[in-house]
Structure formats: C-alpha cells, structure tokens
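# Topology and contacts: notes
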Amino acid sequence: KNAFLSFATHQTSFPNAFFAKPAAQKKKQQQKRVKVVKVSASSPSSSSELDDDGSNQALLSRRGFAVSLTVLAASFHSQNENVSHARNSSLPTVLVIGSTGQTGKLVVASLANANDANVIAGCRSLEKAKKMKLDQNGVELLGGVDVTDTTENLALAMAGADVVVIATGFVPGNPFKMNAAAHEVDNEGVVNCVNAAKKAGNVKKIVLISSILTNGRAAGLADSPGFKITNAFGGVLDEKLVGENYLRNSGIDWVIVRPAGLKNDQSGSLIVGQEDAMASGEIDRRLVAQVMAKAALDDKAKNKVYEIAEEGSYSNGYDCGAPKCQIVGSDSSKWFS
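First things first, this report covers the structure right here in the doc. On a predicted model such as this, the values are computed, not experimentally measured, just so you know. (Residues numbered from 1 in each chain as written. Predicted model: local features only at pLDDT ≥ 70, side-chain atom pairs only at ≥ 80, totals over all residues. Heavy atoms only, no water.)

This part covers the packing of helix 6 (residues 151–158) against helix 7 (residues 178–200). Where helix 6 contacts helix 7, the two axes come as close as 8 Å, and the packing angle between them is 60°. Classed by the angle they form, the pair helix 6 and helix 7 counts as oblique. Here helix 6 and helix 7 pass one another in a crossing that is right-handed. Every residue of helix 7 that contacts helix 6 at T151, E152, L154, A155 and M158 is listed here: N192, C193, N195, A196, A197, K199 and A200. Class assignment of the residues belonging to the contact of helix 6 with helix 7 gives a composition of 7 nonpolar, 3 polar and 2 charged. (Axes fitted to C-alpha atoms, helices over the stretch in contact; angles between N-to-C directions. Helix = DSSP H or I, 4+ residues; strand = E, 2+ residues; numbered from the N terminus. Parallel < 35°, antiparallel > 145°, perpendicular 65-115°, else oblique. Left-handed = near helix turned anticlockwise from the far one by under 90°. Contact = heavy atoms within 4.5 Å. Nonpolar A, V, L, I, M, F, W, Y, C, P; charged D, E, K, R; others polar.)

Glancing now at unusual backbone geometry. Geometrically, the link from A322 to P323 is a cis peptide bond, its omega value of 5° lying close to zero. One can find P323 in the loop between strand 10 (304–310) and strand 11 (325–327). Of note, K133 is a non-glycine position whose phi angle comes to about 55°, a positive value. Mapped onto the elements, K133 comes out in the loop between helix 5 (126–131) and strand 3 (140–142).

To continue, consider the packing of aromatic side chains. Scanning the model with the defined rule gives 2 aromatic pairs in all. With a centroid separation of 5.0 Å and 75° between ring planes, the pair formed by Y306 and F336 is classed as edge-to-face. Here the residue Y306 occupies a position in strand 10, and F336 occupies one in the segment after strand 11, the gap between them amounting to 30 residues. Exposure class is identical for Y306 and F336. Each is buried. Ring geometry for W335 versus F336: centroids 6.4 Å apart, planes at 85°, classification edge-to-face. The exposure class of F336 is buried, given its relative accessible area of 4%. Cluster of aromatic residues (ring-pair linked, three or more members): Y306, W335 and F336. (Phe/Tyr/Trp six-rings, centres within 6.5 Å; stacked < 30°, edge-to-face > 60°. Buried < 20%, exposed > 50% of the residue type's maximum accessible area, 1.4 Å probe, protein only.)

Taken N-terminus to C-terminus, the directions of helix 7 and helix 9 (residues 236–248) make an angle of 5°; their axes are 8 Å apart at the nearest point. Looking at the two axes, helix 7 sits roughly parallel to helix 9. Note on element contacts: helix 9 touches helix 7 through V236, E239, K240, V242, G243, Y246 and L247, opposite N179, A182, H183, D186, N187, V190, V191, V194 and N195. Residues belonging to the contact of helix 7 with helix 9 are distributed by class as follows: 8 nonpolar, 5 polar and 3 charged.

Right, let's get into helix 9. If you check helix 9, its first and last C-alpha atoms are 18 Å apart, about what 13 residues at 1.5 Å a residue would give, namely 18 Å. Regarding helix 9, the residues found buried are V236, L237, E239, K240, G243, E244 and L247. The buried residues of helix 9 occupy one face: seen down the axis, they fall within an arc of 155°. (Expected span 1.5 Å × (residues − 1). Arc of directions from axis to C-beta.)

A separate point is the sheet that holds strand 5 (residues 205–209). If you trace the 9 strands from one edge of the open sheet to the other, you get 3-2-1-4-5-6-10-8-11, paired in mixed fashion. For this open sheet the edge positions go to strand 3 and strand 11, each flanked by a neighbour on one side alone. The average undirected angle you get between the axes of adjacent strands in this sheet is 20°. Across the sheet, helix 10 (residues 285–297) is in contact with strand 1 (93–97), strand 4 (163–166), strand 5, strand 6 (253–259), strand 8 (270–273) and strand 10; its angle to strand 5 comes to roughly 165°. (Pairing = 2+ DSSP bridges.)

Let us now look at the nonpolar core. Judged by nonpolar contacts, the single largest core of 41 residues is most densely connected at V94, V96, V165, V207, L270, M292 and I308. In terms of residue count, the dominant contributor to this core is helix 10 (8 residues). Setting aside chain neighbours within four positions, we find V165 in contact with V94, L95, V96, I97, V107, V207, M292 and A296. Core analysis: the next-biggest nonpolar cluster, separate from the first, contains 27 residues, V147, V194, A197 and V203 among them. (Core = buried A, V, L, I, M, F, W, Y, C linked by side-chain atoms within 4.5 Å.)

Here it is in structure tokens:
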C-alpha cells in the first residue's frame, strides 16, 4: 500500500509537462519563430546551409555569433511580450524552465525569496505565468520556452543565463501516448536543453529534476515495486536516465536532484542520499524546490546526484540509513557536503 502511495503521489504530480502539440499547430509555431530568426541573422545547423542573401553563416566568428545571438534574443523576447525587470549585474542570472509547473513555480519562488540571483521564469504560456503572478519580487517572465522547440530558439531563451534549472517532466495522460510523451520530454527535451545551453555559450551550470530509481536497473532495483510501477508509465525512468547521462557528459557543470514521491505537505525532516541510495519515500514539493534553488547557486553543488526524501516517509520494511543517507533538516549548509 505504502509503495503504491509513494508511486501514485510521484507519478500524478510530475513537474510541468511539455506534451507534443498537434502537428499543424506546432509546425505553424515553428515557422513563425524561424521567420523571426531569419529577419535578424540566421543560425543554420550545418556549414553548407546558406542564408537568404547567399552568405554562409557558418563563417561567422565566435564574437560575431555572440553578437547575433544577443540580437536574436532581444527579438525573441520582444516577440513574446515578456515581463522584464532591471537586473543586478553583481548577481548571477538563473533561468527556470517549466516555471508554471507545480514544482517549477516553487523553484522560482525560492530563488526570488532568497534574493541572491536575477530570476527568469521560462514558460510556454506567458498568459498562464501572468495569471499565476510569477512576475513578483523582481522575477522576469519569458514566454515561448518549450523543451520540444528548436535548439536555436531554446538557445535564444538562455542568452544571458548563468544557470539553467530544468524543472520539467511528463505527466501521465493518454495511455496510448505515454511512451511518446515521456520520450519527448524526459529524454529528448533534456537533451535539447543541454544542446541549447552549449549553443548559447554562457550557461555555467544546469540543475535537473529527475527521480529516485532512475538508474534502478544498474543499481539492482529493477524488481522493486517502485521501479516496476513507475516505469510502467511510458518507461519514464529509462527515458530520464538518457537525459541524465547526456547532461553528465555535456562539459557543463551539472546537478541532478532525484526526489522521492512528490506531495504537497511536509511531515518530516529532509534526508539527502547518495546516488542510487533510495528505493522508496516521499517529499514535499516545497522542499524539492528549496534544494534545487540552493543547488543552482551553491558552488559546492557540482557534478553530483542528490537523492532526497523526508524522514519517516519510507515504505514499511525499508530504510535508507547512514552512510548512504543523512538527515540534514533545514540546515542548507549540510545539503551538498
């Protein structure tokens, strides 16, 4: 019963999902964005591709490309009627992708409340973000940010960001489309974000939300109830693992946060575990958001996987004790030690 409850709260509350749009709508949106990009300066995907004037954009110097990217970013931002605020040049800039999701919005709030960074809430729907009043405490809103979009457009969204937080994940829906949705968001979506960060050239760290048991097969936990039930939904754990591994090998500093089953209330102290340490448990989304926000700005959080749950939330007969897991509570100085 407890194992199923842990799975259920996690699966039905994955962070903000990016389902595939109807083909016609998606094609129309992409065509519109490509047109906007071409007006300023094309950024082709191969050296043989020419712009409208016949010039080969692959011959642009790195400095020239950086200037072009800045111009394109300004065009991208204005086209989406974003909400901007004056940035503090002495603080890092953090872009949160999936900011209108149940966990993403809490990451934005945690970053804004800490007042240690310029915060950009990246979202697909600017209208939704405005209704959710995400543009509080100096938070900028950037619409049209979709992990299924082109790498070029995602790179434009990341222009100026020092850290990117990926707070996305597929939400189970149509049983006939779950495999495709999980693949598109948790696998290809993460890969796309990583490629965009590399293309933008200014991103120094990526923080990714994932899930406990993502590496369950290699950890010998493939037969555990949590892995079997969770992965039955679109093979989501296998898809997440592809995204995780791609991020690890990106050359960009990274942090992977693997929460246990997500819920909306806190009942125990925070437990931080080593990679592949946890096979069960639950955790409040607010705690997850706090850990991700802290990981974005803490220099100690670097190139490591952190698994998190709440004390007392494990299924009957299971416990993740020392040295694999430690009760750290609210003292954030111990979270990434």
